[in-house]
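Architecture at a glance
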Amino acid sequence: MATSNLKLLGMWACPYVNRAQFALKIKSIEYEFIEENPYNRSDILVTSNPFYKKIPVLIHGDKPICESLIIVQYVDDNWATGPSTLPSDAYDRALARFWAAYISDKWYPSPKLLREAQVEDEKTPLTEKISAGLLLLEEAFVKCSKGKPYFGGDNIGYLDIVLGSSLAWLKVTEIVVGIKLLDQDKIPTLSGWADRFCSDEDVKDVLPETEKLLELHEKIQAFVRDGSK
Amino acid sequence: MADEVILLDFYCSMFGMRVRIALAEKGIEYEYKEEENLLDNKSSLLLEMNPVHKKIPVLIHNGKPVCESLIIVQYIDEVWKDNNSPILLPSDPYKRAQARFWADFVDKKLYDAGRRIWKEKGEEQEATKKDLIETLKLLEGELGDEPYFGGDNFGFLDVALIAYYSWFHAYETCGNFSIEEHCPKLIAWAKRCMEKESVSKSLADPNKVYDFVLILKKKYGVE
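How each quantity is defined
Residues numbered from 1 in each chain as written. Chains lettered and ligands numbered in written order. Predicted model: local features only at pLDDT ≥ 70, side-chain atom pairs only at ≥ 80, totals over all residues. Heavy atoms only, no water. Domains from an automatic or database assignment. Contact = heavy atoms within 4.5 Å. Buried area = accessible area lost by both parts, 1.4 Å probe. Salt bridge = Lys/Arg side-chain N within 4 Å of Asp/Glu carboxyl O. Polar contact = N/O pair within 3.5 Å; in protein donor to acceptor, adjacent residues only side chain to side chain. Helix = DSSP H or I, 4+ residues; strand = E, 2+ residues; numbered from the N terminus. Nonpolar A, V, L, I, M, F, W, Y, C, P; charged D, E, K, R; others polar. Patch = residues over 30% accessible without salt bridge, like charges linked within 9 Å, V, L, I, M, F, W, Y side chains within 5 Å. Areas by Shrake-Rupley, 256 points an atom, 1.4 Å probe, with all protein chains shown as cover. Lys, Arg positive; Asp, Glu negative; His and termini not counted. Charge placed at Lys NZ, Arg CZ, Asp CG, Glu CD. Buried < 20%, exposed > 50% of the residue type's maximum accessible area, 1.4 Å probe, protein only. UniProt positions renumbered as here; feature names shortened; annotations may be inferred.

Turning our attention to the domain arrangement of chain B. Residues and elements named next belong to chain B. Split into domains, chain B comes out as domain 1 (5–79) and domain 2 (93–219). At the interface, 16 residues of domain 1 touch 27 residues of domain 2. Interface area for domain 1 against domain 2, summed over the two sides, is near 2000 Å², with a carbon-plus-sulfur share of 71%. By the criterion of area lost to domain 2, the three top residues of domain 1 are Met14, Arg18 and Ile21, representing 30% of everything that side buries. Among the salt bridges present, the one from Lys219 reaches Asp40, with a minimum N-O distance of 3.0 Å. Our enumeration of links across domain 1 and domain 2 arrives at nine residue pairs in polar contact (both at pLDDT 80 or more). With eight residues, helix α1 (residues 14–25) is the largest single contributor of residues to the side of domain 1 that touches domain 2. Of the residues that constitute the side of domain 1 that touches domain 2, the class distribution is eleven nonpolar, one polar and four charged.

See below:
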């Protein structure tokens, strides 16, 4: 398939974009990555995602697909190469979708809020919320993996992609606030999964480096501080 | 072995209605269990079957719970696919992605505006009404000239959206406006859906939904 037929509008540091990249990498699908400036949206972004004007957007031919979870499922539905990202059993699929929705809607925003919290009082409840969520996800991992290395079983699957995409920024949050969130003592099974996920060859190509994200975080924080003076 | 299918639900819930419609479309027999006191005293079965969110609907299939209405609808569509009943999700991957996108859009935009409209007054409410109408107009645009969002056939997005139709009367009464005036094609679509038994038997009576909204207003101290 010609590379120009498939474009991904994204930004290297955005975890939602990383989800789409993981899905494409796992299936060995070639595409053109178009780096978007989040502070200056391109015409192509606005035209292809007029409702939210957000990345990622996958443009297949002339058809745009928006929302990271929908893109990951589309990649799975449309390309038969490689193992399916979603489980083959209908109940396991429902479980994967359930936890993906929980992660995205309830858990995902918290590490960013914690990282950006200015006031100590804000940090404690956020830390507790993140930790409680990780404990739930530890249980979910045990149920979904059934003793295998990933949520998806032997291979990285849908849920691995959804949660795994948060790991790079989670490390940055840990550094910024000085708290170990993915604590091996408290969350041993999930910590083991996280190490495995981050060591995978396909993942290493996509997941942003912690140092670069930390640099970006500091730039953004300085920008915000200067703006509020 | 016969399937055991139980639905934990609440009559006025648009999310529950989606599941009722999907089960009816597929001709599945099930036991309906109403959460009588959803607001103040959830049943131990609900807390056991959905400990994470403690919300209905929950489909319990042979003892195993499935939660979140759109996930349940997809589950029903995938499990009961070989019994000559309609398939709700499109088979084409792109159309499938579109159906999922719009169903998600409905829950992000329509649900939110609907929740605010009975709580707000004055300028705030006017702004919310505008949001709600804009959202419905976008959906009307997506429908185009097709009889259903699924094209010729009633499909996933039709199921996702039609459940809200039972709440339109409550939105209109609280906001003092007419949805049909702004979105006639959408109302025509809704009435077309209501001709299907799977829909008319699954949707709550709009007057009962309005009565429920009055209970909510009292509970949250909204005049």
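A common measure of how large an interface is: the accessible area buried when the components associate. Counting residues at the interface gives 26 residues for chain B, matched by 22 residues for chain A. The tally of links between chain B and chain A comes to five salt bridges. Measuring nitrogen to oxygen at the nearest pair gives 3.1 Å for the salt bridge that ties Glu78 of chain B to Arg97 of chain A. Viewed at the interface, chain A and chain B are joined by six residue pairs in polar contact (both at pLDDT 80 or more). Elements supplying a minimum of two residues to the side of chain B that touches chain A: β4 (64–67), α3 (69–79) and α4 (93–117) of chain B. Top element by residues in the side of chain B that touches chain A is α4 of chain B. It accounts for twelve residues. The residue inventory of the side of chain B that touches chain A, partitioned by class, reads 14 nonpolar, four polar and eight charged.

With that settled, the discussion passes to the domain arrangement of chain A. All names here are of chain A. For chain A, the assigned domains read domain 1 (6–78) and domain 2 (90–214). Of note, the centres of domain 1 and domain 2, computed from C-alpha atoms alone, are 22 Å apart. Counting residues at the interface gives 14 residues for domain 1, matched by 19 residues for domain 2. Three residues, Arg19, Phe22 and Lys25, lead the burial of domain 1 against domain 2; their summed loss comes to 37% of the area buried on that side.

Judged by side-chain charge, Lys106 and Lys129 of chain A together with Lys42, Lys54, Lys55, Arg115 and Lys119 of chain B come together as a positively charged surface patch. Mapped onto the elements of the fold, Lys54 of chain B is located in the loop between α2 (44–49) and β3 (58–61). Given the relative accessible area of 36%, Lys54 of chain B is considered partly exposed.

Okay, the UniProt feature "domain: GST N-terminal" (unreviewed entry) in chain B next. When the UniProt feature table is mapped onto this chain, "domain: GST N-terminal" (unreviewed entry) is found at residues 3–84 of chain B. Between the end C-alpha atoms of residues 3–84 of chain B there is a gap of 17 Å, over a span that is 35% helix and 21% strand.

Our focus in this paragraph is the side chain of Asp9 of chain B. All names here are of chain B. Structurally, Asp9 can be placed in strand β1 (residues 5–9). Engagement of the side chain of Asp9 in a polar contact is seen with the side chain of Arg20, the distance being 2.7 Å. In this structure Asp9 touches Gly16, Met17, Arg20, Tyr32, Lys33, Glu34, Glu35 and Ile56, once residues within four positions along its chain are discounted.

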